[in-house]
Amino acid sequence: MEFQAVVMAAGGGSRMTDLTSSIPKPLLPVGNRPLLWYPLNLLERAGFEEVIVITRKEIQKVLNLDTKMKLDFVFISDNMDMGTADSLRHIHQKIKTDVLVLSCDLITDVDLYKVVDLFRTHDATLSMLMKKTHEPTEAVPGQKGKKKPVEQRDFIGVDDTGKRLLFMANEADLDEELVIKRSILQKHPRMHIRTGLMDAHLYCLKKYVVDFLVENRTITSLRSELIPHLVRRQFSSPMSLQQGLDNKEMDQKKKEQTSLDIYSFIKEDNSLLKPAPDNSCWNDHRGDMNETLHEGKVRCYVHIMKEGLCYRVNTLGLYIEANRQVPKLLLNLGLEEPLVHGSAQITDRGMVGSDSIIGSCTQVGEKTSIKHSIIGSMCTIKDKVKITNCIIMNSVTIEEGCCLQGSVICHNAVIEKGADIKDCLIGSDQRLETKAKHVNEVIVGTEQLMEI
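Described below are features of the structure shown in this document. Fair warning: this is a prediction, and the values are worked out from it, not measured in the lab.

Viewed as axis vectors pointing N to C, helix H7 (residues 207-215) and helix H8 (residues 222-233) meet at an angle of 115°, and their least axial separation amounts to 13 Å. In the packing of H7 onto H8, the handedness of the crossing is right-handed. Counted together, Val209, Phe212 and Leu213 of H7 and Leu222, Leu226, His229 and Leu230 of H8 form the full contact between these two elements. The residue makeup of the contact of H7 with H8, split by class, is 6 nonpolar, 1 polar and no charged.

This part takes up the sheet that holds strand S26 (residues 414-415). Strand order in the open sheet formed by 6 strands is S15-S17-S20-S23-S26-S29, with parallel pairing between adjacent strands. Of all the strands in the sheet, the pair left with one neighbour each is strand S15 (345-346) and strand S29 (431-432).

Further remarks concern the side chain of Ser356. Within the element layout of this structure, Ser356 appears in the loop between S15 and strand S16 (357-358). Of the polar contacts made by the side chain of Ser356, one reaches the backbone nitrogen of His372; its length is 3.2 Å. At a separation of 3.1 Å, a polar atom in the side chain of Ser356 contacts the main-chain amide nitrogen of Ser373. If we ignore the near neighbours within four places in the chain, the residues touching Ser356 are Leu339, Ile370, Lys371, His372 and Ser373.

This part takes up a positive patch on the surface. On the surface, Lys132, Lys163, Arg194 and Lys306 cluster together into a positively charged patch. Along the chain, the position of Lys306 falls in the loop between strand S13 (300-305) and strand S14 (310-312). For Lys306, a relative accessible area of 79% corresponds to the exposed category.

Our next topic: the packing of aromatic side chains. Applying the stated criterion across every chain yields a total of 4 aromatic pairs. Aromatic pair Phe3 and Phe119: ring centres 5.4 Å apart, planes at 50°, arrangement tilted. Linking Phe3 in strand S1 (residues 3-9) with Phe119 in helix H5 (residues 112-121), this pair joins segments that are 116 residues apart in sequence. One exposure class covers both Phe3 and Phe119, and it is buried. With a centroid separation of 6.3 Å and an interplanar angle of 10°, the aromatic rings of Phe73 and Phe75 are classed as stacked. On the basis of relative accessibility, which here comes to 19%, the residue Phe73 falls in the buried class. Looking at Phe75, the relative accessible area reads 28%, which means it is partly exposed.

Thresholds, definitions, all that
- Just so you know, the residues in each chain are numbered from 1, in the order the chain's sequence is written.
- Local features are withheld for residues below a pLDDT of 70 in this predicted model, meaning they are given only at 70 or higher, and side-chain atom pairs are given and counted only at 80 or more; totals for whole chains, interfaces and linings count all residues.
- To obtain the side-chain values, all non-hydrogen atoms of the structure were used and water was disregarded.
- Note on geometry: axes are C-alpha line fits, over the in-contact stretch for helices, and angles between N-to-C directions span 0 to 180 degrees.
- Helix and strand definitions follow DSSP, with helices as H or I runs of at least four residues and strands as E runs of at least two, each counted in order from the N terminus.
- Whether a crossing is left-handed or right-handed is set by the direction in which the near helix is turned from the far one by less than a right angle, anticlockwise for left-handed and clockwise for right-handed.
- Any two residues whose heavy atoms approach within 4.5 Å are treated as being in contact.
- Side-chain classes follow a simple rule in which Ala, Val, Leu, Ile, Met, Phe, Trp, Tyr, Cys and Pro form the nonpolar group, Asp, Glu, Lys and Arg form the charged group, and the remainder, Gly included, forms the polar group.
- Think of it this way: DSSP has to see at least two bridges between two strands before they count as a pair.
- Contacts described as polar in this section are N or O atom pairs within 3.5 Å, which, within protein, must combine one atom able to donate a hydrogen with one able to accept it, while residues neighboring in sequence count only if both atoms come from side chains.
- Without a salt bridge and with relative accessible area above 30%, a residue can belong to a patch; like charges are then joined within 9 Å and nonpolar side chains (Val, Leu, Ile, Met, Phe, Trp, Tyr) within 5 Å.
- With residues, only the protein chains shown are counted as cover, and all accessible areas are computed by Shrake-Rupley using a 1.4 Å probe.
- The term salt bridge refers to a side-chain nitrogen of Lys or Arg lying within 4 Å of a carboxyl oxygen of Asp or Glu.
- We score Asp and Glu as negative and Lys and Arg as positive, and we do not count His or the chain ends.
- In this description, the location of a charge corresponds to atom NZ of lysine, CZ of arginine, CG of aspartate or CD of glutamate.
- A simple rule labels every residue: compare its accessible area, found with a 1.4 Å probe on the protein chains alone, to the largest value its type can have, and call it buried under 20%, exposed over 50%, or partly exposed in between.
- Aromatic pairing here means that ring centres of Phe, Tyr or Trp (its six-membered ring) are within 6.5 Å. Orientation follows from the plane angle: under 30 degrees is stacked, over 60 is edge-to-face, and everything else is tilted.

Pasting the structure below:
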């Protein structure tokens with residue numbers, strides 16, 4: 001087995017708590033499938049037969065996934081606040097090979113082999129996936145008129161090929177200047193600095209990186225701590241070779257630092273895994289492999305997607321946008337399932353838009369119009385209802401004469417007769433009274449605000 005796959009599905013969705021306060025993030029419906037289905041489907045299409053899923057116990061109890069893969073669930077206790085690096089450290093005894101780690105909120109049609117082949121070809125320590133940042137185009141319920149939070153930019157440095165990852169820093173960690181180490185520029189005089197790229201949270205990592213994490217417990221996050229650390233260490237000497245560390249009077253602190261150096265975890269006897277010689281068909285260095293063979297044992301690469309879909313569903317806006325793109329995504333994946341489930345009962349099919357999805361056992365009454373929307377399973381939508389640009393989750397009741405636009409309606413909600421709802425988020429189990437009018441509101445119960 002060349003890789004083991006690990007899906008991180010224990011996070012609480014801290015940037016979208018209006019949704020995740022009542023629905024665990026991995027179970028959020030996207031195109032009437034749980035969010036967790038998408039990374040698992042990506043792995044299954046790539047030929048994986050087993051996946052380790054790190055999650056919370058209550059999620060497995062209600063998870064119903066159609067997959068042929070063997071899912072090895074590892075549970076994180078509800079009272080444990082663990083970062084992604086902590087989670088990977090938690091399962092280190094299960095990791096026997098190099099590892100492919102991805103987040104449960106990743107929805108993409110990327111060719112996974114493009115990331116994996118970078119890892120193989122260059123005997124890389126890390127290869128990862130990025131894509132141009134996507135800004136939601138639709139209005140976000142409850143946020144109209146509010147000042148949009150300023151996102152801190154990532155500065156990503158790549159070589160002329162656009163594949164070697166040379167530099168990574170977040171704006172929040174910088175002073176007024178962007179400082180590039182001389183050791184990088186000596187080996188790569190031309191570096192392209194890019195902003196506006198999204199880290200897809202998909203990483204191929206050497207087994208020794210997991211071993212390093214086990215010993216270095218100060219690192220809690222893969223994205224914000226481990227990955228930048230690996231990128232920085234590419235152009236540094238092993239600590240044992242740095243000036244002053246070979247002094248016989250080296251103090252205990254320096255000894256500890258050396259033991260936590262990533263270089264000390266790299267085994268020397270991996271000759272079978274070293275890059276192929278110049279005449280290899282894998283040689284993409286145009287004639288000379290010296291850089292790969294001699295530059296350093298820590299090497300980081302990135303595949304930047306230029307085409308296709310790639311979303312991190314980690315905000316309400318991106319959750320809505322991902323649902324909008326699902327019909328296109330399913331088509332790209334070759335999943336030619338009917339958008340309207342065979343068990344759905346629809347009186348006037350001509351009033352359901354061709355880009356809408358309707359789940360199983362849902363009933364739609366007379367003269368009801370559904371455009372650009374996703375309707376879950378077991379819903380009851382009565383006569384003369386207008387639904388446009390909405391996400392309706394499971395077991396929702398919408399009574400006669402309602403008009404819903406640009407809204408998200410969560411599980412088991414009831415919208416009574418004649419209600420007019422625009423750009424709203426209605427939480428699970430909420431009931432809106434007859435002829436209620438709501439615009440740009442978030443309506444959730446106070447008891448739902450507890451953290452899952």
